[in-house]
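Chain residues, written in single-letter form:
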Amino acid sequence: MSIVIPDTRAEALARLADDQTLIPVAGGTDLLVHWPARVDDHDRAYLDLSGLAELRPLRWTADALVLGALTTYWDVVTEPRVAMEFPLLAAAARQVGAIQIQTRGTWAGNLVNASPAADGVLALMAYGAVVVLESRGETEEVPLDEFYTGYRSMRRRPDQLVTAIRVPHGARDVQLFEKVGSRGAQAIAKVGVAAARSAAGWRVVAASVAPTVRRCPALERLLAAGTPIRGPDDLLPALDQDVAPIDDLRSTAAYRRATMARVLYHGLRGVVDSVR
Amino acid sequence: MTTTGSPLPAPHSAIGIDFTLNGEPVSLSVSAAERLLDTLRERLRLTGTKEGCGEGECGSCTVWLDGLPVCACLVPSYQVRGRRVDTVEGVAPTRLAPYLASGATQCGACTPGVVMTAEWIRRHPTLLATHTVRELMAGNLCRCTGYDGIVNGIAAALDADRERA
Ligand SMILES: Cc1cc2nc3c(=O)[nH]c(=O)nc-3n(C[C@@H](O)[C@@H](O)[C@H](O)COP(=O)(O)OP(=O)(O)OC[C@H]3O[C@@H](n4cnc5c(N)ncnc54)[C@H](O)[C@@H]3O)c2cc1C
Ligand code: FES
Ligand code: FES
């Protein structure tokens, strides 16, 4: 295997433009899992992003929180302003793996790894985050809820790096993040739900119940319409239009469907007038 | 197809790195496929850091990278260039007394990793304003102690540190 170590972001983009088989490495918490056994991966060529200090800090602009390509979960956990203004990001970060994963894992890596269970993606999508993709000489912005095109496939070309994730400010009067796993820490979600309501309307996002983390437009419409919801079962017809859970090693389709309805119902009950 | 002015250097299959290990400068050449865990154990013979799972779950390989606990099994060695690494070998034995007294260790497989996370908490007691000891320790699995010994040992160490302060 070989490794390319760029000194600047411009050099990283130039290398990627010249060799589109290069695999970017950030915190390595996905790429290095069971590394000694993954012999095929040892023959590939990697692009180390970790030395590009300019990509690390998170920033606040007038209209957004901007996560850098190397911003970690721990960077978010230790920035009190995030917990106040974007509590779902803080909640998601604290529930990823455990401290040793939070200190290394990046938001951008979570997004490009594209697990259907990704906690970071779940919270970011509820806030209407925008993915900033850069290639040599060109910058493109893609709303995160349009980023994924199928199971582990996305609108990122191999010559593009995620250089930032923009999370727009805005008043949200309802915010919910619920992850259901087999234990509190070090557990991948069996079901994840995040929701936020702003003047622009509802965003309801689900994880581990479809090939990608995705928005749930039927549930959003149901909540926006104010139709009375008197129990988890009242959410099922809309939920069935939005998601398609499966049986796998972590859970079953039936459990996921029932649990998503319950988690959403109990999370919104007493918070939203129509959910009683 | 290259459009840059000067040719970029070829990718490396091995690279020379300098870093600080337990306060001392270290220079060596690492292979591109090497994990920090292997560099420490196989190359530098610091075998205190253990491999349990090799997938970031168990925490037995916990070391500090620039002062933060990380799993050495998930860190490519080339990434520690220019940085600070601290391992259990750098912890003074006298600091271990509270853990021994509380039954924080039995078979010992998890202990080096537990000590590294515990010592990080001791050095940053303000973490306890937002986190519990159990949440901070959740990345260190132990099959023997049932965790009470570990949590009690850290509480006792923090108490002793406060009295000394
Ligand atoms: C023990 C353990 C527990 C975990 N628990 C959870 C959990 O609870 N919830 C959860 O969501 N995840 C969990 N994860 C996975 C989580 O740590 C990762 O998804 C992490 O966020 C990935 O970031 P990274 O920087 O480590 O990525 P890397 O492993 O470095 O890279 C991941 C992918 O992203 C690509 N990439 C990285 N950065 C960029 C960039 N800037 N531009 C383009 N491509 C890029 C890489 O090429 C690779 O394909 C866990 C992992 C472990 C090992
Ligand atoms: S060996 Fe690294 S976490 Fe288990
Ligand atoms: S003491 Fe045996 S695993 Fe912890």
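Residues numbered from 1 in each chain as written. Chains lettered and ligands numbered in written order. Predicted model: local features only at pLDDT ≥ 70, side-chain atom pairs only at ≥ 80, totals over all residues. Heavy atoms only, no water.

Novice: Got a minute to help me understand the site of ligand 1 in this structure?
Specialist: Residues and elements named next belong to chain A. The immediate surroundings of ligand 1 are formed by 38 residues, with Pro24, Thr29, Asp30, Tyr73 and Thr106 found nearest. Note that an oxygen atom of ligand 1 is positioned 2.6 Å from one of the side-chain N or O atoms of threonine 29. Between alanine 187 and ligand 1, the recorded distance is 3.4 Å, taken from a backbone N or O atom to an oxygen atom. Coverage of ligand 1 by the protein amounts to 94% of the 990 Å² it exposes when considered alone. Every element with two or more residues in the shell around ligand 1 is listed here: β2 (23-25), α7 (107-113) and β10 (161-168). With 5 residues, the single largest contributor to the shell around ligand 1 is α7. Class assignment of the residues belonging to the shell around ligand 1 gives a composition of 19 nonpolar, 12 polar and 7 charged. (Near = heavy atom within 4 Å. Polar contact = N/O pair within 3.5 Å; in protein donor to acceptor, adjacent residues only side chain to side chain. Areas by Shrake-Rupley, 256 points an atom, 1.4 Å probe, with all protein chains shown as cover. Helix = DSSP H or I, 4+ residues; strand = E, 2+ residues; numbered from the N terminus. Nonpolar A, V, L, I, M, F, W, Y, C, P; charged D, E, K, R; others polar.)

Novice: Looking at this model, I keep getting lost on the sheet that holds strand β3 (residues 62-65) of chain B. Mind explaining?
Specialist: By way of backbone hydrogen bonds, the strands of a sheet pair with one another, either parallel or antiparallel. Residue and element names in this part refer to chain B. Strand order in the open sheet made by the 5 strands is β2-β1-β5-β3-β4, with mixed pairing throughout. The two strands at the open ends of the sheet, each matched to only one other strand, are β2 (24-31) and β4 (68-71). Between one strand and the next, the sheet's axes are offset by a mean angle of 40°, whatever the strand orientation. For β3 and strand β5 (residues 84-86), the ladder comprises 2 bridges, and the chain directions are antiparallel. Residue pairing in the sheet places leucine 65 in a bridge with valine 85 of β5. In this fold helix α1 (residues 36-43) packs onto β1 (14-21), β2, β3 and β5, with an angle of close to 105° to the strand it touches most, β2. Helix α3 (residues 111-123) rests against β3, β4 and β5 of the sheet, and its axis sits at about 40° to β3. (Pairing = 2+ DSSP bridges. Axes fitted to C-alpha atoms, helices over the stretch in contact; angles between N-to-C directions. Contact = heavy atoms within 4.5 Å.)

Novice: I'm lost on the pairing of β2 of chain B in this one. Help?
Specialist: Each regular strand shows side chains that alternate between the opposite faces of the sheet. All names here are of chain B. Pairing between β1 and β2: 8 bridges, direction antiparallel. Bridged to threonine 20 within β2 is proline 25. From the end of β1 to the start of β2, which pair antiparallel, there are 2 residues, and asparagine 22 there has a positive phi angle of about 50°.

Novice: How should I be thinking about unusual backbone geometry in this particular structure?
Specialist: Both trends apply: most residues other than glycine have a negative phi, and most peptide bonds are in trans. Residue and element names in this part refer to chain A. Positive phi, normally seen in glycine, also occurs at histidine 34, with a value near 50°. Even without being a glycine, serine 208 presents a positive backbone phi close to 65°. Position of serine 208 relative to the elements: it lies in the loop between β13 (201-207) and β14 (214-215). Under the relative-accessibility criterion, serine 208 is labelled buried at 11%. (Buried < 20%, exposed > 50% of the residue type's maximum accessible area, 1.4 Å probe, protein only.)

Novice: Before we go on, may I ask you to explain the sheet that holds β14 of chain A in this structure?
Specialist: Residue and element names in this part refer to chain A. Taken in spatial order, the 4 strands make up an open sheet running β11-β12-β13-β14, and their pairing is antiparallel. At either end of the open sheet lies a strand with only one pairing partner, and these are β11 (172-180) and β14. Sheet topology places strand β12 (residues 191-198) next to β13; 7 bridges connect them, and they run antiparallel. Directly across from serine 198, in β13, lies its bridge partner glycine 201.

Novice: What exactly am I supposed to notice about the side chain of serine 60 of chain B here?
Specialist: Residues and elements named next belong to chain B. Take serine 60: it is sitting in the loop between α1 and β3. Its relative accessible area of 5% is what places serine 60 among the buried residues. Within the structure, serine 60 has its side chain in polar contact with the backbone nitrogen of glycine 52 (distance 3.0 Å). What serine 60 contacts, discounting residues up to four positions off in sequence, is Thr49, Lys50, Glu51, Gly52, Ala109 and Gly113.

Novice: I would appreciate a short explanation of the side chain of aspartate 75 of chain A in the present structure.
Specialist: Tracing the backbone through its elements, the reader meets aspartate 75 of chain A in helix α3 (residues 73-77). In this view, aspartate 75 of chain A contacts Arg56, Leu58 and Leu70 of chain A; residues no more than four positions away in its chain are not counted.

Novice: What am I meant to see in the interface of chain A and chain B here?
Specialist: Interfaces are often sized by the accessible area lost when the parts come together. Each partner contributes residues to the interface: chain A has 36 residues there, and chain B has 45 residues. Summed over both partners, the interface of chain A with chain B comes to about 3,400 Å²; 56% of that surface belongs to carbon and sulfur atoms. Broken down residue by residue, the surface that chain A buries against chain B is led by Arg94, Gln100 and Arg104 of chain A, which jointly contribute 19%. Summed over the shared surface of chain A and chain B, the result is 2 salt bridges. Residue arginine 81 of chain B is joined to aspartate 48 of chain A by a salt bridge in which the shortest nitrogen-to-oxygen separation is 2.8 Å. (Buried area = accessible area lost by both parts, 1.4 Å probe. Salt bridge = Lys/Arg side-chain N within 4 Å of Asp/Glu carboxyl O.)

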